Amino acid sequence: MAIFNMSSYNPGPFILVGIPGLEQFHVWIGIPFCVIYIVTVVGNGILLYLIAVEHSLHEPMFLFLSMLAMTDLILSTAGVPKTLSIFWLGAREITFSGCLTQMFFHHCSFVLDSAILMAMAFDRYVAICSPLRYTIILTPKTIIKITVGISFRSFCIILPVMFLLTRLPFCRTHIIPHTYCEHINVARLACADISINIWYGFCVPIMTIISDVILIAISYTLILYAVFHLPSKDARQKALGTCGSHVCVILMFYTPAFFSVLAHRFGHNVSRTFHIIFANLYVIPPALNPIIYGVKTKQIREKIILLFSTKKLFNQTSMTMYNLSNNAGPFILLGIPGLEQYHIWMSIPFCFIYLVAIVGNSILLYLIAVEHSLHAPMFFFLSMLAITDLILSTTCVPKTLSIFWLGPQKISFPGCLTQLFFLHYSFVPDSAILLAMAFDRYVAICSPLRYTTILTPRTILKIAVGISLRSFCVFVPCVFLVNRLPFCRTRNIPHTYCEHIGVARLACADISINIWYGFCVPIMTVITDVILIAVSYTLILSAVFRLPSRVARQKALSTCGSHVCVILMFYTPAFFSILAHRFGQNVPLTFHIMFANLYVIIPPALNPIVYGVKTKQIWDKVILLLFPKGTQ
C-alpha cells in the first residue's frame, strides 16, 4: 500500500541533472564513461564465458569470481546507461518507480560485492590454511548456501531503504543533482523528517560492510600467519601469489567506497561537484576487476590467450563439439516404465486433453486479440498465461504421443536440452503470471479509482518483460549445469520427456550442484510468488470484509474466483511433484512419471475452461463466437 500511496505525492517524474557545474562538459565526460562501460561488459562477459565453458575453472574460487563479475555487470548497468543518456541525449527524466529500481540494484550490488569479496577471502583462507580439506569444506552444497546467504542478506539490508523512501512526501522540487538515484540524495528532496533515512542509510549498510572488512582482515591475518610458517621462500611466494588479485580488488573496492560514504556523511564543506564526480567513479572497479584477474591469475590468462588465438580457438571449438556429440547423444526416452503395454490406450486421453488445451487457449487468445472490451490488464495477463500453457504442453505432449504410438524414441542432446529448457522455463513464468494477476485483482478491489493510473500499458509491458527475463535467468544455468556433465553410462531416460534431474542422474559425475540448484533456486522463486500472492489476497479479503453490503462483497470476491481456481490447480500438484522428486525415494518411479505427465497437460487444458465458464466477459464472447445466430 505504501508504494501506491506514494504515487499521490509523486505524480510527476524526477529530473536527474547530471554533474552540476559541468553541464557544458557532459558530452566529453560521456566518452570515458562509455569506454569504461564497454570494457566492463566485454571483460566481465569474457570472464563469465570462460568460467562457464572451461571445466578446469569450475572451482570455488572461480565460481565466486563469476558471482563478482555478474554483480559488477548489474552495478554498472544500473547506472551507466542512464548517465550516458543524460550526458549525450539530455534524457533527464526518471519515474519514481524507475528511480527506486535503479537505487535498489545500485545499493544491493554494492553490498553484494562486499559479501562476495568476503567469501573469496574465506576461499583463500581454506586453500592456504587447510589445503587437504579444501574440497571437503567448499563442497557444491556449501557454495550454494554461501551464494543464497549473501544474496538474501543484501536483499534484506537494502529493501527497507525502499520503504523508507516510499513513506516520504515529495512536495518540493523533483530535481536530483546527480547522475543516478541515490538514497540520501532522493530523501533530501522530501518535505518531511528524514532522520531515520539518514541513520539507516549510513549505519546499517556501513556496519554490514565493516563486519565484512573485519572478517576479511581476520582471514588474511590467519593466512599470513600460516604463510610465514611455511619452510621455504618459494612456498611462501607461491601461497601469497594466489592472493594477489584478490587483495588488489579489495583495495580498489573499499578505499573509494569508504571515502565516498564518509564524505557524504561528514563532508559538508566539500563541493557538490566533487561528491558527484567521486560517486561516479564506482564504474572503475567493475572494469578493472576482470583485467586484474586476467593478468594475475595464470589459469584465466592462459584461457584468454587460447580464446583469442584463432587457430587454437577453431581447434578447441571443433574438439568441444566433437566431444559433445560423442559424449551426450542421442538419449532414448522410454515412456512410463512398467506400463508399456498400456501406452497405446493412455495416448487417447493424452491426445484429447492436448487438443482441448490447444483449442481452448487458442480461442482465448483470439477473443482477447479481437475484442476491444477484453483489452484490459487482467485479460492481457490471461493471454500471457495461455501462451505459456501452450509452450508448456507443446514442449512435451507431441514427443510423449510419439513414444506411446511408436515406441521408445531417440532425442538428440541439443534437442533434450531445448525441451528441458522450455519445460522448466514455462513453469516459472506461469507462477509469475499468477502473481501479476493477483496484483491486478488487488489493485482492482483495493484501489479501484486508481486502477487505470497504476496498471498503465507501460507498467504492464515492464511486468511482462520482467517476468520473461526472470524466468530466463533462473533456468539458463540448468542448461549449463547439464551440459558440463559427462554421460558415459546408459542413455536411457525412464520418462516421456527430458527433465533436469532425470537427465542429470544419468551422468557419471557428481551432480550435487544440479540437485541443489534444481531444487532450491526455482522453489525459492516460486515460494516467493506464493507468499506475495498470499499477501495480495490477505489485503483483498481485508478490503472486501470492510465493504458495507453483502452483495458488494460477493461481487468483489466473484472477480477472483477463476484466479483462485487456477492458482490451486497450478501450485498444489506442482509442489507435490517437486517434493516427491526430492524426498520421495520410496515412491515408485511409475507414479513419479505419471504425476509429472498429468501436470504438463491438465492445467493448460483446464485454465481456459475455468476462465471461460467463470468470467462473464469471456463466456459471453465464447457464446457469441460459437453460436452467433442463436445469440442474435
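Student: Before we move on, can you summarise the overall build of the chain with the specific residues and values?
Tutor: Secondary structure summary: the chain contains 26 helices and six strands in total. Relative to a compact globule of 632 residues, whose C-alpha radius of gyration would be 26 Å, the chain shows 28 Å and is just as compact. Expressed along its principal axes, the backbone C-alpha trace of the chain runs to roughly 85 × 65 × 45 Å. For the chain, buried positions account for 47% of its 632 residues. Here the chain displays about 30400 Å² of accessible surface, and carbon together with sulfur accounts for 73% of that area. Treating the 41 positive side-chain charges of the chain as one cloud and the 21 negative ones as another, the clouds have centres 2 Å apart.

Student: Break down helix H16 (residues 377-406) for me, with residues and values.
Tutor: Because the α-helix completes a turn every 3.6 residues, residues three or four places apart line up on one side. Across its 30 residues, H16 extends 44 Å between first and last C-alpha, which sits within 8% of the 44 Å expected from 1.5 Å per residue. Within H16, the axis deviates most sharply at Thr 394, by approximately 30°, and proline Pro 398 lies no more than four positions further along. Most of H16 is tucked away: 22 of the 30 residues are buried. Just past H16, the residue Gly 407 takes up positive phi, approximately 95°.

Student: Lay out the state of the cysteines in plain terms, naming residues and giving numbers.
Tutor: For the coordinates displayed, the defined rule picks out three disulfides. Covalent S-S linkage joins Cys 99 and Cys 181, the inter-sulfur distance amounting to 2.0 Å. Taking the torsion about the S-S bond as the criterion, the Cys 99 to Cys 181 disulfide, at about -120°, is left-handed. Here Cys 181 lies in the loop between strand E3 (175-176) and helix H7 (183-187) and Cys 99 lies in helix H4 (residues 96-129), a separation of 82 residues in the sequence. For Cys 181, a relative accessible area of 1% gives the class buried. The cysteine Cys 248 is free of any disulfide, with Cys 243 supplying the nearest cysteine sulfur at 11 Å.

Student: Residue-level account of the packing of aromatic side chains, with values.
Tutor: Scanning the entire structure with this criterion turns up 20 aromatic pairs. Here the aromatic rings of Phe 104 and Phe 105 are separated by 5.5 Å at their centres, their planes lie at 80°, and the arrangement is edge-to-face. Relative accessible area serves as the criterion here: at 15%, Phe 104 is assigned to the buried category. Plain terms: the ring middles of Phe 427 and Phe 570 are 5.3 Å apart, the flat faces sit at 25° to each other, and that makes the pair stacked. You can see Phe 427 sitting in helix H17 (residues 413-446) and its partner Phe 570 sitting in helix H23 (residues 561-583), a full 143 residues away along the chain. Phe 427 sits in the buried class, given a relative accessible area of 10%. A residue is classified by how much of its surface remains accessible, and Phe 570, at 4% relative accessible area, is buried. Among the aromatic side chains, those forming a connected cluster through ring pairs are Phe 421, Phe 422, Tyr 425 and Phe 472.

Rules of the game
- Residues numbered from 1 in each chain as written.
- Predicted model: local features only at pLDDT ≥ 70, side-chain atom pairs only at ≥ 80, totals over all residues.
- Heavy atoms only, no water.
- Helix = DSSP H or I, 4+ residues; strand = E, 2+ residues; numbered from the N terminus.
- Rg over C-alpha atoms; globule rule 2.2 N^0.38 Å.
- Buried < 20%, exposed > 50% of the residue type's maximum accessible area, 1.4 Å probe, protein only.
- Areas by Shrake-Rupley, 256 points an atom, 1.4 Å probe, with all protein chains shown as cover.
- Lys, Arg positive; Asp, Glu negative; His and termini not counted.
- Charge placed at Lys NZ, Arg CZ, Asp CG, Glu CD.
- Expected span 1.5 Å × (residues − 1).
- Bend = angle between axes of the 7 residues up to and from the residue.
- Disulfide = S-S within 2.5 Å.
- Phe/Tyr/Trp six-rings, centres within 6.5 Å; stacked < 30°, edge-to-face > 60°.

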